[in-house]
Amino acid sequence: MYCLAIETSCDDTCVAIVKDGSVILSNVISNQLDFHRRFGGVVPEVASRKHLEYLIPILDQACQEAGIDVSQIDVVACTYGPGLAGSLLMGLCLAKTIAILFQKPFVAINHLEGHLFASRLDHPDLTPPFISLIISGGHTELIMVKDWGVYTSLGRTRDDAVGEVYDKIAKHLAIGYPGGPIIDLLSQNGNPNRFHFRGGLEDNKENFEFSFSGLKTAVIRTYNQFSLNEKKDDTLRNDLLASFQHSVYRTLWKKTFLAVKKTGYQGISLGGGVSANSYLRHQFSQQGEQHQLNIYFPSLTLCTDNAAMIASCGSFHFSRGELSPLDIEPHPQLRIV
Ligand code: KG4
Ligand code: ZN
């Protein structure tokens, strides 16, 4: 069974073909970083125009790499939310066109559920129930995965998503875009214990909500207190970034561990761009060993946005006969439950 999937929820134009829900035949990702870099963030209007330009060539490339003609696919899947309305619309238009032209079944996918399936693609042994932590540029959410297709959101961020904070701090420090991978790298030479930042709500055991905008402000204010000469010192900058990352990790771990204790689940799966972070991966893995919990990370290409995870999720829904109507619209604020 061949599933062709399209993912255009933000600034990555992605098309993939996955066989039987788990074998990736092609997974093409075209990022638009060069166009958004000078703004230090994604410009929605630019993103949707670039999707329009890239989608057909990327579709061709995905088919070529998989050795499959569009007419041979069994189902077409596409992200319909959450995300940027204009960007979602571009992917949906193409997916619906393929469905109509080639008379194929169509499945609309929740982007967050897609991120859950990224771990499943890499870890066939990942079986519910488990806790999922989705951390990306747009989302920070803890989810109880009772079964595939059966989810309960435990809590999400009240303000900034964690990836957004990485990007905004990087913008303020003028170290490049997107901030996540750059901060990840620079922090490797920094001392995570030099500055003590607190993640918002990190010690609140009442619920699973996060708050990261206060942490962002604290990091930027600390940086601003230094003189121009001091700011040129790489050690200072790297220590500041490493300390910021440590605070992010500590907050995410505390809430995730709280969820594990409350549910009694033994597995934790991570997903979203920030789950590519090397410090976070190392710290979570160590905690997993210490507490005898199974920690699942997607491979680096499947952490950030991609269409293979959408195809895997689409195959799952297709196999259960869960098809979507062709008049479905983009749903920018879509939730997992
Ligand atoms: O999942 P994703 O590609 O898009 C959304 O759904 O938002 O995540 C993008 C986010 C960006 O904020 C980027 O800075 C962050 O993931 N990111 C990272 C790393 N790689 C990407 N954050 C921390 N460490 C990384 N290595
Ligand atoms: Zn995402």
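Participant: Whenever I open this one, the coordination of the zinc ion (ligand 2) confuses me. Can you help?
Facilitator: In this structure, His111 (NE2), His115 (NE2) and Asp305 (OD) serve as the protein donors to the zinc ion (ligand 2), at separations of 2.1 Å. Its four donor atoms give the zinc ion (ligand 2) angles of 93 to 148 degrees at the centre, a pattern that matches the irregular case.

Participant: Any chance you could explain the nonpolar core here in plain terms?
Facilitator: The tendency in soluble globular proteins is for nonpolar side chains to be buried side by side. Formed by 46 residues in total, the largest nonpolar core has its most connected members in Ile169, Phe244, Leu252, Leu270 and Phe284. Element by element, the count of residues in this core is highest for helix H9 (residues 234–263), at 12 residues. Discounting residues that sit within four places of it in the chain, Phe284 has contacts with Leu133, Tyr249, Leu252, Trp253, Thr256, Leu270, Ile295 and Phe297. Ranked by size, the runner-up nonpolar core spans 31 residues in total, among them Ala77, Ile134, Leu302 and Met309.

Participant: How should the pattern of salt bridges be read in this particular structure?
Facilitator: A side chain with one charge can pair with a side chain of the opposite charge if their charged atoms come near. The full count for this structure, using the stated rule, is 14 salt bridges. As a salt-bridge pair, Glu164 and Lys168 come within 2.9 Å of each other at their nearest N and O atoms. Placement of both Glu164 and Lys168 in helix H5 (residues 162–172) is noted, with a separation of four residues, approximately one turn of the helix. The class for Glu164 is partly exposed, based on a relative accessible area of 24%. Residue classification places Lys168 among the partly exposed positions, given a relative accessible area of 34%.

Participant: Can you help me understand the packing of aromatic side chains in this one?
Facilitator: Given two aromatic rings, their pairing is described by the distance between the two centres and the angle made by the two planes. Tallied over the full model, the rule gives 11 aromatic pairs. Between the aromatic rings of Phe117 and Trp148, the centroid separation amounts to 4.9 Å while the plane-to-plane angle is 50 degrees, which identifies the pairing as tilted. Remark: Trp148 occurs in the loop between strand S7 (140–147) and strand S8 (150–156) and Phe117 occurs in helix H4 (residues 111–122); sequence separation between them is 31 residues. By the burial criterion, Phe117 is buried, and Trp148 matches it.

Participant: How do you make sense of the domain arrangement of the protein when you look at a structure like this?
Facilitator: Frequently, the measure chosen for interface size is the accessible area that the parts lose on association. On domain assignment, one finds that the protein holds domain 1 (2–115 + 303–319) and domain 2 (128–301). Taken residue by residue, the interface counts 18 residues in domain 1 and 19 residues in domain 2. Counting each side, the surface lost to burial between domain 1 and domain 2 is near 1,400 Å², with a carbon and sulfur contribution of 65%. Per-residue buried area on domain 1 facing domain 2 is highest for Leu112, His115 and Cys303; these three make up 44% of the total on that side. Along the contact surface separating domain 1 from domain 2 lie eight residue pairs in polar contact (both at pLDDT 80 or more). Only helix H1 (33–36) and H4 provide two or more residues apiece to the side of domain 1 that touches domain 2. Sort the elements by how many residues they give to the side of domain 1 that touches domain 2 and H4 lands first, with four residues. A per-class count over the side of domain 1 that touches domain 2 returns eight nonpolar, seven polar and three charged.

Participant: Sorry if this is basic, but what is going on with helix H10 (residues 278–291) here?
Facilitator: One turn of an α-helix holds 3.6 residues; hence residues three or four places apart share an orientation. Over its 14 residues, H10 runs 20 Å from end to end, which matches the ideal 20 Å to within 8%, given 1.5 Å per residue. Among the residues of H10, those classed as buried are Tyr279, Leu280, Arg281, Gln283, Phe284, Gln287 and Gly288. Put simply, Asn277 is the residue that caps the front of H10, since its side-chain oxygen is 3.2 Å from the backbone nitrogen of Tyr279.

Participant: Mind showing me how you'd approach the sheet that holds strand S4 (residues 75–81) here?
Facilitator: With mixed pairing, five strands are arranged side by side in an open sheet as S3-S2-S1-S4-S5. Of all the strands in the sheet, the pair left with one neighbour each is strand S3 (23–31) and strand S5 (106–110). Neighbouring strand axes in the sheet, compared pairwise and without regard to direction, differ in orientation by 20 degrees on average. Of the strand pairs in this sheet, S4 and S5 are connected by five bridges, and their pairing is parallel.

Cut-off values and rules
The residue numbers shown here count from 1 along each chain, following its written sequence. Labels are handed out in written order, letters beginning with A for the chains and numbers beginning with 1 for the ligands. In view of the model being predicted, local features appear only for residues whose pLDDT reaches at least 70, and side-chain atom pairs are presented and counted only at 80 or more, with totals across whole chains, interfaces and linings using the full set of residues. Side-chain numbers here rest on the full set of heavy atoms in the structure, without hydrogens or water. The donor set covers N, O and S atoms within 2.8 Å of the metal, switching to 3.2 Å for Na, K and Ca, and it leaves out water, so a site may look short of donors. Think of it this way: with four donors and all angles in the 85 to 135 degree range, the site is tetrahedral; with four or six donors, opposite ones beyond 155 degrees and the rest between 65 and 115, it is square planar or octahedral; otherwise it is irregular. To form a nonpolar core, buried Ala, Val, Leu, Ile, Met, Phe, Trp, Tyr and Cys residues must be joined to one another through side-chain atoms within 4.5 Å. Exposed residues in this analysis have more than 50% of their type's maximum accessible area, buried residues have under 20%, and partly exposed residues fall in between, with area computed by a 1.4 Å probe over protein chains only. What counts as a helix is a DSSP run of H or I of at least four residues, what counts as a strand is a run of E of at least two, and both are numbered from the N terminus. Throughout, a contact is declared for two residues whenever any of their heavy atoms are within 4.5 Å. A side-chain nitrogen of Lys or Arg and a carboxyl oxygen of Asp or Glu constitute a salt bridge if their distance falls within 4 Å. A pair of Phe, Tyr and Trp rings is counted when the ring centres sit within 6.5 Å of each other, with Trp represented by its six-membered ring. The angle between the planes then sorts it: under 30 degrees is stacked, over 60 is edge-to-face, the rest tilted. Start and end positions for the domains come from either an automated domain assignment or a database one. Accessible area, probed at 1.4 Å, shrinks when two parts are joined; the buried area is that loss added up over both. As used in this structure description, the phrase polar contact means that two N or O atoms lie within 3.5 Å; if the pair is within protein, one of them must be able to donate a hydrogen and the other to accept it, and residues adjacent in sequence are counted only when both atoms belong to side chains. Throughout this entry, Asp, Glu, Lys and Arg are counted as charged residues, while Ala, Val, Leu, Ile, Met, Phe, Trp, Tyr, Cys and Pro are counted as nonpolar. The remaining residues, Gly among them, count as polar. Take the number of residues in a helix, subtract one, and multiply by 1.5 Å to get its expected span. Here, a strand pair is defined by DSSP locating no fewer than two bridges between the strands. Convention adopted: a line fitted to C-alpha atoms gives each axis, helices being fitted over their contacting stretch, and angles between N-to-C directions are expressed from 0 to 180 degrees.

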